[in-house]
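Here is how the chains run, residue by residue.
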Amino acid sequence: MIYLNILLTMMKIGLFTFGGGYAMIALLEAELVTKKKWLTREEFLDMVAISESTPGPIAINAATYIGYKRCGFLGALLATVGVILPSFVIIYAISLFFDAFLSLTLVAKAFRGIQIGVIFLILSAGIKMLRGTKRTPLSLFILGATVLSMLALSLLAVRFSTVLYILIAGTVGASLYLIRCAQKRGEGEK
Amino acid sequence: MIYLTLFLTFLEIGAVSFGGGYAMISMMRDKALLHGWLTEEQLLNVIAVAESTPGPIAVNMATFVGASEGGLLGSLCATLGVVLPSFLIILLIAAVLPGLLRKGGVRAALQGIRPCTVGLILATAITMLMRSLFGITAIGGGVSPDLVGILIFALLAAFAFLFARWKAKKPSPILIILISAGLGMLLY
């Protein structure tokens, strides 16, 4: 039965991917394109592009898309629930005894080290994305302005929601496009 | 009402976090510190747990914060909130508007958002680094460096560099977390 198959396949993928969305993409390809042949390679690449350009966790985007393409709304729902369920159960269980676990001296020391490891991971992820950024004047300007203003505001202890940065950057990108379109139209009329 | 706050906060995070789990960390930090749900150290602990357990980092973080603030119902509300925007937007694209992402205006907006996301991640990492390793929280607030922390950070950077030369790939996040746990137990 296809619905059960979708649910179980996605649960398996949710259970065996460590380290977020990009790790999941390799596993999804092996499972869905090579083994189950639910998607062609081309459809799969389309799906990855869509998941990356829409907000939200890449894994959820991918699961919803694949589920829908395979068997409509119910498929999308089951695929998404499937990919979330293992995480949810595991994390909920951990959250129940995490504080007690942290009260052990050795564990507390380990976590002081881990906190530094996590900062290291975030910084390396940022640097990796920086290297992959297209170097156009607009993107370099937005990147620089975001870093500088966020650092300055946090040092001055001024609160400015990160959500607003995203909205402003999106608006700037779209407005420049509209201005360019208007200019082209103006030149065409001359 | 904590359940509604959790749901709406994570709904907002889910709706604007382009570019996967790391992009979400800056939003999470912003919201969690604002609501007083987590301290900086607790946030880093949650990220470590989210990284070293299977599944999407964003879902793991939402479940954990939801559970610590509002038990089982809280974690359900937070997880539902973070997932719902993705689910609806993807359904919209798959079912009704397959050409949405090819529209010039949408692409232009995404081109603006992408470098902004990178900037947010970098700025968040630098802020965390300044706070945790050098004790700098505000201008004129003084400096109290954590020498052991700086040493651990330097050792991790050296390890990642050597690993990348030797294996021609980056060490996995779990390996970095295990090594930093070992260094923490030894050095603190």
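Residues numbered from 1 in each chain as written. Chains lettered and ligands numbered in written order. Predicted model: local features only at pLDDT ≥ 70, side-chain atom pairs only at ≥ 80, totals over all residues. Heavy atoms only, no water.

Moving on to the packing of aromatic side chains. Applying the stated rule across the entire model yields nine aromatic pairs over all chains. Measuring from centroid to centroid gives 5.4 Å for Phe98 of chain A and Phe111 of chain A, while their planes differ by 85°, and the two rings are edge-to-face. Here Phe98 of chain A is found in helix α4 (residues 58–102), whereas its partner Phe111 of chain A is found in helix α5 (residues 105–132), with 13 residues between them in sequence. Here the aromatic rings of Phe120 of chain A and Phe153 of chain B are separated by 5.6 Å at their centres, their planes lie at 75°, and the arrangement is edge-to-face. Taken together, the residues span two chains, with Phe120 of chain A in helix α5 and Phe153 of chain B in helix α6 (residues 147–167). No difference in accessibility class separates Phe120 of chain A from Phe153 of chain B, as the two residues are buried. Through successive ring pairs, a cluster of aromatic residues spans Phe98 and Phe111 of chain A together with Phe64 of chain B. A cation over a ring is seen here: Lys36 of chain A above Trp38 of chain A, with NZ or CZ 5.9 Å from the ring centre. (Phe/Tyr/Trp six-rings, centres within 6.5 Å; stacked < 30°, edge-to-face > 60°. Helix = DSSP H or I, 4+ residues; strand = E, 2+ residues; numbered from the N terminus. Buried < 20%, exposed > 50% of the residue type's maximum accessible area, 1.4 Å probe, protein only. Lys NZ or Arg CZ within 6 Å of the ring centre and 35° of its normal.)

Residue and element names in this part refer to chain B. Interaxial distance between helix α3 (residues 40–52) and helix α5 (residues 104–134) falls to 11 Å at its minimum, and their mutual angle equals 120°. Here the hand of the crossing between α3 and α5 comes out left-handed. On the side of α3, the interface is formed by Glu40, Leu43, Leu44 and Ile47, while α5 contributes Met128, Arg131 and Ser132. Per-class residue counts for the contact of α3 with α5 are four nonpolar, one polar and two charged. (Axes fitted to C-alpha atoms, helices over the stretch in contact; angles between N-to-C directions. Left-handed = near helix turned anticlockwise from the far one by under 90°. Contact = heavy atoms within 4.5 Å. Nonpolar A, V, L, I, M, F, W, Y, C, P; charged D, E, K, R; others polar.)

Right, let's talk about the domain arrangement of chain B for a bit. All names here are of chain B. Once the domains are mapped, chain B shows domain 1 (2–145) and domain 2 (146–188). The centre of domain 1, based on its C-alpha atoms, is set 25 Å off from the matching centre of domain 2. Taken residue by residue, the interface counts nine residues in domain 1 and eight residues in domain 2. Between domain 1 and domain 2, roughly 670 Å² of surface is buried when both sides are summed, and carbon and sulfur atoms account for 75% of that area. Three residues, Glu51, Leu133 and Pro145, lead the burial of domain 1 against domain 2; their summed loss comes to 57% of the area buried on that side. The tally of links between domain 1 and domain 2 comes to zero salt bridges. On inspection of domain 1 and its partner domain 2, the count reaches one residue pair in polar contact (both at pLDDT 80 or more). (Domains from an automatic or database assignment. Buried area = accessible area lost by both parts, 1.4 Å probe. Salt bridge = Lys/Arg side-chain N within 4 Å of Asp/Glu carboxyl O. Polar contact = N/O pair within 3.5 Å; in protein donor to acceptor, adjacent residues only side chain to side chain.)

Residue and element names in this part refer to chain A. Between the first and last C-alpha of helix α1 (residues 2–16) there are 21 Å, a value that for 15 residues agrees with the 21 Å anticipated at 1.5 Å per step. Every buried residue of α1 is listed here: Ile6, Leu7, Thr9, Met10, Ile13 and Gly14. Looking straight down α1, one finds that the buried residues subtend no more than 170° of arc, so they occupy a single side. (Expected span 1.5 Å × (residues − 1). Arc of directions from axis to C-beta.)

This paragraph deals with the domain arrangement of chain A. Domain parsing of chain A yields domain 1 (1–98) and domain 2 (134–190). Taken over C-alpha atoms, the centre of domain 1 of chain A sits 32 Å from the centre of domain 2 of chain A.

Tracing the sequence through the fold places Val83 of chain A in helix α4. Since its relative accessible area comes to 0%, Val83 of chain A is described here as buried. Residues Val83 of chain A and Ile119 of chain A lie 36 residues apart in sequence; the distance between their C-alpha atoms is 27 Å. Apart from the residues lying within four places of it in its own chain, the contact partners of Val83 of chain A are Met10, Met11, Gly14, Met24, Ala59, Ile60 and Ala63 of chain A together with Pro56 of chain B.

Side chains of Phe160, Leu164, Leu167, Ile168, Val172, Leu176 and Ile179 of chain A sit close together on the surface and give an oily, nonpolar patch of about 540 Å² of accessible area. With respect to the element layout, Leu167 of chain A can be found in helix α7 (residues 162–189). (Patch = residues over 30% accessible without salt bridge, like charges linked within 9 Å, V, L, I, M, F, W, Y side chains within 5 Å. Areas by Shrake-Rupley, 256 points an atom, 1.4 Å probe, with all protein chains shown as cover.)

Relative to the 21 Å expected for 15 residues at 1.5 Å per residue, helix α7 (residues 173–187) of chain B spans 21 Å between its end C-alpha atoms, a close match to the ideal helical length. For α7 of chain B, the complete set of buried residues consists of Ile176, Ile177, Ser180, Ala181, Leu183 and Gly184 of chain B. Down the axis, α7 of chain B shows its buried residues gathered within 165° of arc, on one side only. α7 of chain B presents Leu178 and Leu186 of chain B as exposed residues on the side facing more than 90 degrees away from its buried surface. Considering only its buried residues, α7 of chain B is in contact with α5 of chain A together with α3 and α6 of chain B.

How big an interface is tends to be reported as the loss of accessible area on association of its parts. On the side of chain A, 83 residues touch chain B, which itself brings 97 residues to the contact. Taking both sides of the interface into account, the surface hidden between chain B and chain A amounts to around 8,200 Å²; carbon and sulfur atoms contribute 80%. In terms of surface lost to chain A, no three residues of chain B exceed Pro54, Ile90 and Tyr188 of chain B, which account for 8% of the buried area on that side. Linking chain B with chain A are two salt bridges, by the criterion used here. Arg112 of chain A is the partner of Asp146 of chain B in a salt bridge, and the nearest nitrogen-oxygen pair spans 4.0 Å. If you look at where chain B meets chain A, you find 13 residue pairs in polar contact (both at pLDDT 80 or more). When contributions to the side of chain B that touches chain A are tallied by element, the ones reaching two or more residues are α1 (2–16), α2 (21–35), α3, α4 (57–95), α5, α6 and α7 of chain B. In terms of residue count, the dominant contributor to the side of chain B that touches chain A is α5 of chain B (26 residues).

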